[in-house]
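# Summary of the model geometry
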Amino acid sequence: MTIFQKLGGWLGGRKGARSRAPVMVKQLEERDRRRMLKHFMALDDSDRLLRFGTVLPDEQLTAYVNKIDLDRDTVYGVYNPVFKLVAVGHLAFAPKEQLSPGGAVTEKERVAEFGVSVSKSARGLGIGSKLFERAAIHCRNADVDTLYMHCLSSNKTMMHIAKKAGMEIQREYGEADAHLRLLPANPGTMLQEALEEQFATIDYTLKANTRAAVKWFEK
Ligand SMILES: CC(C)(COP(=O)(O)OP(=O)(O)OC[C@H]1O[C@@H](n2cnc3c(N)ncnc32)[C@H](O)[C@@H]1OP(=O)(O)O)[C@@H](O)C(=O)NCCC(=O)NCCS
């Protein structure tokens, strides 16, 4: 397999997945914070419940977005063709003592927890799965071998994604704690993450400039 075929597979998603447009997952920065908030504000009550375990009101959503520590955590986003942020994945790192539901053990100092939301208009395109895969690769490259996810057990879509990723799932009182043990990094995972980010950066720049040009012409 050539590097280009391999890259196509990385960007497009998993082996065996039906053919879908490549999903460009970009690491978000300070300049994206306003759009992150816009994405979360557009989630309706049922999505807020699924994403946060409670129907977070607007003020608490704003506080959550403002408090995201972009130096410590990694936040991923997917922009649609008109430069609207349609998905956000928050990969939070914490000392292992802090996040140990189910008693999963690791020798590493830190573990990670992942939460994700995709706008209704962009669902079913493989974006949620791709964000999860990207977060898992980043964990491996950051020497973190345990990735947690917490969701409602009624969340069929997320449970499907978790099972597909090979996560071990414990259900209790309508909630589910899932965790995935990750393999160590290798040159392939390093290259994959670097290339995906570079392609996503080019995609981001093109969409941002196109959006700016359209706005300018509309004046
Ligand atoms: C969960 C969520 C992130 C999924 O995003 P998405 O981009 O639509 O997900 P994908 O397209 O990658 O994958 C959806 C998968 O679930 C499957 N699926 C969809 N509805 C399903 C259902 N009711 N039962 C089982 N599987 C289902 C799809 O067939 C697809 O599987 P496949 O890739 O094997 O074909 C999105 O629905 C969302 O934002 N929900 C609200 C917030 C939330 O639940 N967050 C998760 C808590 S952390």
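Let me begin by describing the structure that accompanies this report. Please read all numbers here as calculations on a predicted model, not as lab measurements.

Okay, the packing of aromatic side chains next. Each aromatic ring pair is summarised here by two numbers: the centre-to-centre distance and the angle between the ring planes. Tallying each qualifying case throughout the model produces 8 aromatic pairs. One aromatic cluster is present, formed by Phe40, Phe52 and Tyr64 through successive ring pairs. The lysine or arginine in question, Lys26, covers the ring of Tyr204, its NZ or CZ lying 5.2 Å from the ring centre. Seen from the ring of Phe93, Arg110 lies directly overhead, with NZ or CZ sitting 4.6 Å from the centre.

With that out of the way, let us pick up the pairing of strand 4 (residues 110-118). Of all 9 residues in strand 4, 7 are buried, a share of seventy percent or more. Bridge analysis of strand 3 (residues 85-95) against strand 4 gives 9 bridges, and the strand direction is antiparallel. Paired with Ala87 across the strands is Val118, a residue of strand 4. With helix 5 (residues 127-141) bridging strand 4 and its parallel neighbour strand 5 (residues 146-152), the resulting β-α-β unit is right-handed.

This brings us to the sheet that holds strand 2 (residues 74-79). Sheet architecture is open: 7 strands sit in the order 1-2-3-4-5-7-6, paired in mixed fashion. A strand with exactly one partner marks an edge of an open sheet, and here the two such strands are strand 1 (26-27) and strand 6 (168-172). Two strands pair when backbone bridges link them, and strand 4 and strand 5 are joined in this way by 2 bridges, in the parallel orientation. Residue pairing across strands places Ala112 opposite Leu147, the latter belonging to strand 5. Contacts from helix 3 (residues 45-52) reach strand 3, strand 4 and strand 5 within the one sheet, and its direction differs from that of strand 4 by about 170°.

Cut-offs applied
- Residues numbered from 1 in each chain as written.
- Predicted model: local features only at pLDDT ≥ 70, side-chain atom pairs only at ≥ 80, totals over all residues.
- Heavy atoms only, no water.
- Phe/Tyr/Trp six-rings, centres within 6.5 Å; stacked < 30°, edge-to-face > 60°.
- Lys NZ or Arg CZ within 6 Å of the ring centre and 35° of its normal.
- Buried < 20%, exposed > 50% of the residue type's maximum accessible area, 1.4 Å probe, protein only.
- Helix = DSSP H or I, 4+ residues; strand = E, 2+ residues; numbered from the N terminus.
- Pairing = 2+ DSSP bridges.
- Right-handed = clockwise from strand over helix to strand, strands pointing away.
- Contact = heavy atoms within 4.5 Å.
- Axes fitted to C-alpha atoms, helices over the stretch in contact; angles between N-to-C directions.

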